[in-house]
Amino acid sequence: MAPVQGIYPGLKNSPTVVISRYDNPPANLDTVVSDDVMGARTGCEHLFSVGAERIAYVTKSTSATSRAREQGMNEALTAVGKKLSVRYVESWDTSQFRSIVADREFDGILANNDMTAAQLLRVAHEEGVSVPKQLKIVSYDNTSTARVLYPSLTSIDQPQEAMGKKAISLLRERIADREEAIHALFPPELIVRRSTTATG
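Model, not experiment: these values are computed from the prediction.

Caption draft 1: Spatial organisation of the overall build of the chain. Per the secondary structure count, the chain includes 6 helices and 9 strands. A principal-axis box enclosing the C-alpha atoms of the chain has dimensions of 60 × 35 × 30 Å. The buried share among the 200 residues of the chain stands at 44%. At a minimum sequence separation of 6, the contacts of the chain that also span at least 24 residues come to 70%. By element, 50% of the accessible surface of the chain is carried by carbon and sulfur atoms, the whole surface being about 9900 Å².

Spelled out as structure tokens, the structure:
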């Protein structure tokens with residue numbers, strides 16, 4: 001079994017799988033994560049493909065997951081000779097969202113999650129900034145929020161069901177006395193909707 005003392009002390013002798021990305025996981029701990037670097041890189045490349053040239057990453061988080069997404073965007077932008085702009089925002093500080101949108105500094109944004117993208121979309125509407133004509137937005141997680149907003153959000157989908165099934169399988173293997181750690185990495189999928197293209 002994978003000891004997790006120091007991370008989850010109460011689970012020292014329990015088989016454990018972490019479905020999350022975090023810094024410096026113990027080598028003998030099973031993990032199941034979505035490939036956030038790949039997902040953000042794909043989202044950024046999509047923004048290029050629909051005409052965005054000045055792209056920002058907007059996030060409320062400094063977590064390992066958010067940093068991995070920032071890395072993916074950096075890779076995509078560096079490949080075309082551009083520099084990434086990162087904007088950190090507070091959860092409900094509308095003024096921060098308004099400054100990002102109203103200044104027209106960016107014509108493409110990848111938001112760290114659907115709720116952050118929803119706030120950007122609302123502020124764009126209030127400021128008279130057309131999405132996707134003047135501002136194209138890609139979000140992350142592909143929750144129901146992404147589908148019901150207008151315009152609907154292009155979002156990066158994480159295969160949560162497959163990840164959950166993998167985690168259960170790994171737990172069963174640990175209970176059956178597997179010793180070696182497994183680190184499962186799942187590719188996300190870009191779901192294109194109307195926040196980046198009028199025909200999405």
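Caption draft 2: The pairing of strand β8 (residues 183-186), seen in detail. Alternating positions in β8 separate cleanly, A184 and F186 being buried on one face and H183 and L185 remaining unburied on the opposite face. As judged from the 4 bridges shared by strand β2 (residues 30-34) and β8, these two strands associate in the parallel manner. Paired with V33 across the strands is L185, a residue of β8.

Caption draft 3: The sheet that holds strand β6 (residues 136-140), seen in detail. Taken in spatial order, the 6 strands make up an open sheet running β4-β3-β5-β6-β7-β9, and their pairing is mixed. Looking at which strands have only one partner, the edges of the open sheet turn out to be β4 (85-88) and β9 (189-191). Ignoring which end each strand starts from, the neighbouring axes of this sheet average 20° apart. Of the pairings in the sheet, the one linking strand β7 (residues 154-157) to β9 comprises 3 bridges and is antiparallel in character. What sits directly across from I156, in β9, is L190. Sheet strands touched by helix α1 (residues 36-49): β3 (55-59), β5 (108-111), β6, β7 and β9. Its angle to β6, the strand with the most contacts, is close to 165°.

Caption draft 4: Just the sheet that holds β2, in detail. Read from one edge to the other, the open sheet built from 3 strands follows the order β1-β2-β8, with strand pairing classed as parallel. With partners counted over all chains shown, the strands left at the sheet margins are β1 (17-18) and β8, one partner each. Each of β1, β2 and β8 is contacted by helix α6 (residues 160-175), which is oriented at about 170° to β2, the strand it contacts most.

Reading the values: rules and limits
- Residues numbered from 1 in each chain as written.
- Predicted model: local features only at pLDDT ≥ 70, side-chain atom pairs only at ≥ 80, totals over all residues.
- Heavy atoms only, no water.
- Helix = DSSP H or I, 4+ residues; strand = E, 2+ residues; numbered from the N terminus.
- Buried < 20%, exposed > 50% of the residue type's maximum accessible area, 1.4 Å probe, protein only.
- Contact = heavy atoms within 4.5 Å.
- Areas by Shrake-Rupley, 256 points an atom, 1.4 Å probe, with all protein chains shown as cover.
- Pairing = 2+ DSSP bridges.
- Axes fitted to C-alpha atoms, helices over the stretch in contact; angles between N-to-C directions.

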